[in-house]
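Now for the letters of each chain:
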Amino acid sequence: MQLSRDDLIKAYKRMRTIREFEDAVHDEFSAGNIPGFVHLYAGEEASGVGVCMHLEDRDVIASTHRGHGHCIAKGCDEQGMMQEIFGKKDGLCGGKGGSMHIADLSKGMMGANGIVGGGPPLICGAALTAKTLKTGGVAIAFVGDGGSNQGTTFESYNLAKVWNLPAIFIVEDNGYAESTASKWSVGGSQVGRGKGFGMPAIEVDGSDFFAVYEAAREVIDRARSGGGPSLMHVKVMRYYGHFEGDAATYKAADEVAKYKATNDPLSVFRNRVTQAHLLDSKTLDEIDKECKQRIQQCVATAKSSSMPTEADLLTDVYTSAY
Amino acid sequence: MAKKTYRQAINEALRQEMERDHRVIIMGEDVAGGLGAPGEQDAWGGPLGVTKGLMPKFGRDRVLDTPITESAFIGAAAGAAATGLRPVAELMFVDFLGVCFDQIFNQAAKFKYMFGGKAVTPMVIRTMYGAGFRAASQHSQCLYPLFTHIPGLKVVLPSNAYEAKGLLAQSIRDDDPVIFFEHKAMYDETAEVPDDPYTIPFGEANVTREGDDVTIITMGRMVNFCNQVADKLAKEKIGCTVVDLRTTSPLDTETVLETASETGRVVVVDESHPRCNMAADISALICSEAFDDLKGPIKMVTAPHCPVPFSPALEDLYVPSPAKIEAAVRAVMGKG
Amino acid sequence: MASEIHSIVMPKWGLAMEEGIVTAWQIDAGATIAKGQEIADIETSKIANVFESPVSGKVRRLVAQPGETLPVGALLAVVADDAIGDADIDAYVAKFNEALKEMLAARASEKKPEPESVEIAGGRKIRYLKLGVGEGPPVVFIHGFGGDLNNWLFNQEALAETHTTYAIDLPGHGGSSKDVGAGGVGAMTSALVAWMTAMKIDSAHLVGHSMGGAVALLLASTQTAKVASATLICPAGLGPEISMEYINGFIEMSRGKKLEPILQMLVANPALVTRDMIEDVLKFKRIDGVDAALKKMRDTMFPGGEQAAILRDAFDNVKAPLQVIVGAQDRVLPAAHAKSLPGNVKVQVFDNAGHMPHMEAASDVNRLIAEIAR
């Protein structure tokens, strides 16, 4: 089905924003300006955006440690995100969470998660809320190939199924859980596992926004209409290492370069829409430029804004009086 | 005022809170029972019948039986709480925390802080603790010190039926993750419990006995043993102040220090294992803040450093008894 | 003069009392005592008070040991003429204790009177305790701010010997609904009237304490047919002064140690306030809706720290017999409020009592109520 011109622009802009954001974070991290651990999503944009284009604020997603892309795809503010990653007081989480815990519940983004497999049970909860309070919302867990082996993930498949929750599990398989290939670590298949729990399951090429978008529509509609949970196995490639600082020597020397040349999601999208005369190169180039400038601005603001102070250390441990 | 059991008081608090707020739901293994089975529905009402009668009243949309899948449903409780429900999940035995601790201590406990204040996680986990049932090492532990250790959690130990109803209502109305510890040996014990709904604040210890000679600081089931000892020693003119902490997190440090300073002789009674437990925590607090008021070392009465044994002969040696508590009080009086 | 042996037994102070302790005798064996004389200090879990002798005569034996816990009805002392020999006293004591065992067994299986509830117009629930059966209008006891039907534990049973009696919980209090409406004396009086209507009580001998006293006065002056007599004990409404230290302390204090000195303001002798009494108040204050109800009443009845409803003029409209009882050491409402009341309003001042003469001088107050309710 055809997306509107506005939606096409929105989708491309989101993907480009993610790419610029992650590249900027990579540069800043390499320069020693970012503390802690970051895990970059560059190369996987079509997956997050393809899914989240269908979602509203009432829908909830949970991410992995590789959460920047999902955060932007769900509509979180990049400025706040960048400040958060730099540990600044005006960050999305007050500088208290950082890259691995980046979240905005007001946008239905339940957080990146530092614990592999942390998201799926939470999303069963969000789906339970939607079902109990009849909000019509759905809840989506983005899971990595690594997380697909955690017990919590399997338990969540089962619970979502037996409770018939409006939940969706998106396994973003980038081929490697840290340095270990998913070809080795995953017994059976992702689709087979989903079906094993009684869920409809499909496999999708994550370099193709439109393929992801279509597949996501099906699973989201199913969940929203009370048809229960589904599993989507999205094959993607991460361009950077597992974490920043990982030289990724476990990959073949030209693995990433080859993928970038033929399957880069932004290029795939550009080729598709220009060939179909839906958008022209000039429009896309302008979006590229706009996003780059926006992210540069975000970095500059993040660098110049202040750190939290000791007064912030003990706030927000509790909500009710302690 | 009617006399009710610990079990009835907890059931009543759950029922009244569910009547008051449609967002309060219950989930856990066999909290009703019979799901998917051809026979009786609400067959169990929880392993010891605490939640019986709630599913027939509120339906299976608000009283949810789960598969045996702690990490999923405790995690679901956390996720549901962060998105608008007020779940009361049952971790059947606290000993099972191993299969779902991440969801409690890394997820629920930390949302508020990690997300810069923008999350609210009003979740309650009810769990059974304590020895004396011959349930052996994997069904008899206390473990509340582990939860007390985690910033972002609140930990509640009601010592009788009156306390249980008020503290559970407070737990459900509190907007933070609360772990509510029910001692499995107390379910049939009675106290006068008002029919009306009421709450008891967190962080306010209850002084159950007053005396000038020794301060006994304790929590949960042990409060009743300490009261027994205090009443017995009162006849010998040894005056004991007994402090029921009610909540180990938040801790009523003011009352702990005040009562310790008043007598200068302190016994801390804690059913959990001795390393890194509440007794150690409270003793350190008193020593650092009220050392000059102490007339001698603090005595801690705890379980020994071993798993809970099965044999009744051994388990009876394991649980801190009134006799052991009395001996400790006499010891700090120099009359041991 | 008949040769009789009289037993002095552990009294029953209120529904909940099962046992008590004589903490101290104020007389020795061999003393001659008069009925009404204070002879011992007795403590129960709920309250501590002086015990007045129910009989006159010579104390032949003090049976209860100080500090000994004894059930209600147990022998405390034996009173008899010298003419009766010690052997007979011994026999009497032995027989008494036999009979006591049987009585205790019977009591254990007996159904105790329990408070009941009734729904009044508007849907609120009023809890009350009914004791006794008599002819004529019943005696209705009405507590004050923060109190409940248990406040009358020294009074209701005594009057129940000759009258039908009711002790009620006003809205916001005890086991009644916590909705206090506008929260003032008028609202409380309307609730009282609604309760009387629901109970089909046409007219009653009202006994009101503090705020309850103002309620009794208001009803006696505005709906005279409903009031057969009115006993106002330390009534509110006679002047602007009210101890806000007490009112605010009662509302704010949530720890026993802090609440104790506040409750001690109620009585001349602070020893009357036991830890159980403090606990009961704390438990009451924890109930849903109570804090809001108490604050509403305070804000309506005592705006700016003074009583809003002054009812001194109401006395002129009262047709029924009326008496006012105050304690000279009252720290909550000044006893001076009862001075210079209009007309020939009977005022009794108890020098050794504070704000609770119905507890602090119970048998005298009971006598006064019995007289006016004859």
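Residues numbered from 1 in each chain as written. Chains lettered and ligands numbered in written order. Predicted model: local features only at pLDDT ≥ 70, side-chain atom pairs only at ≥ 80, totals over all residues. Heavy atoms only, no water.

(A) Spotlight on the interface of chain B and chain C. Contacts between the two partners involve 21 residues from chain B, matched on the other side by eleven residues from chain C. Overall, the association of chain B and chain C removes approximately 1,400 Å² of surface from exposure, summing both partners, and the carbon and sulfur fraction of that is 32%. Contact with chain C buries area across many residues of chain B, yet Tyr162(B), Asp196(B) and Glu204(B) alone supply 30% of it, more than any other trio. Our count for the contact surface shared by chain B and chain C stands at seven salt bridges. Here Asp196(B) and Lys178(C) are joined by a salt bridge, their closest N and O atoms 3.3 Å apart. Elements supplying a minimum of two residues to the side of chain B that touches chain C: helix H6 (161–173), strand E9 (206–209) and helix H8 (253–263) of chain B. (Contact = heavy atoms within 4.5 Å. Buried area = accessible area lost by both parts, 1.4 Å probe. Salt bridge = Lys/Arg side-chain N within 4 Å of Asp/Glu carboxyl O. Helix = DSSP H or I, 4+ residues; strand = E, 2+ residues; numbered from the N terminus.)

(B) Structural context of the pairing of strand E2 (residues 19–25) of chain C. Inspection of the sheet shows E2(C) paired to strand E7 (residues 69–71) of chain C by three bridges, in the antiparallel sense. From the neighbouring strand, Ile21(C) faces E7(C), where its bridge partner is Thr69(C). (Pairing = 2+ DSSP bridges.)

(C) Representation of the domain arrangement of chain B in the model. Residues and elements named next belong to chain B. Its domain assignment divides chain B into domain 1 (3–192) and domain 2 (206–332). The C-alpha-based centres of domain 1 and domain 2 are spaced at 27 Å. Contact with domain 1, which involves 28 residues of that partner, is made by 28 residues of domain 2. Roughly 2,100 Å² of surface becomes buried between domain 1 and domain 2 when both sides are summed, with 54% attributable to carbon and sulfur atoms. On the domain 1 side of the interface with domain 2, the three residues burying the most area are Arg134, Tyr144 and Ser159, jointly 26% of the side's total. (Domains from an automatic or database assignment.)

(D) Structural detail: the interface of chain A and chain B. Contact residues are listed per partner, giving 39 residues for chain A and 46 residues for chain B. Counting each side, the surface lost to burial between chain A and chain B is near 3,400 Å², with a carbon and sulfur contribution of 64%. Looking only at chain A, the three residues that lose the most surface to chain B are Leu105(A), Trp163(A) and Thr319(A), adding up to 16% of its buried area. Linking chain A with chain B are zero salt bridges, by the criterion used here. Linking chain A with chain B are 22 residue pairs in polar contact (both at pLDDT 80 or more). Elements with a minimum of two residues in the side of chain A that touches chain B: helix H5 (119–132) and helix H6 (151–162) of chain A. For the side of chain A that touches chain B, the leading source of residues is H5(A), giving eight residues. Residue classes in the side of chain A that touches chain B are distributed as 21 nonpolar, 15 polar and three charged. (Polar contact = N/O pair within 3.5 Å; in protein donor to acceptor, adjacent residues only side chain to side chain. Nonpolar A, V, L, I, M, F, W, Y, C, P; charged D, E, K, R; others polar.)

(E) The arrangement of the layout of surface pockets in detail. Residue and element names in this part refer to chain C. What the second largest pocket holds in volume is close to 990 Å³. The wall of the second largest pocket is formed by 32 residues, among which Phe154, Ala158, Glu161, Ser363 and Asn366 lie closest to the centre. Every element with two or more residues in the lining of the second largest pocket is listed here: strand E1 (5–9), strand E5 (48–52), helix H2 (156–160), helix H9 (357–360) and helix H10 (362–372). The leading source of residues in the lining of the second largest pocket is H10, at six residues. Taken together, the residues of the lining of the second largest pocket break down into 17 nonpolar, seven polar and eight charged. (1 Å grid on protein atoms, 1.4 Å probe; cavity = no way out; pocket = protein on both sides within 12 Å on 5 of 7 lines; lining within 4 Å. Points joined across faces, edges and corners; volume = space filled by probe spheres on them.)

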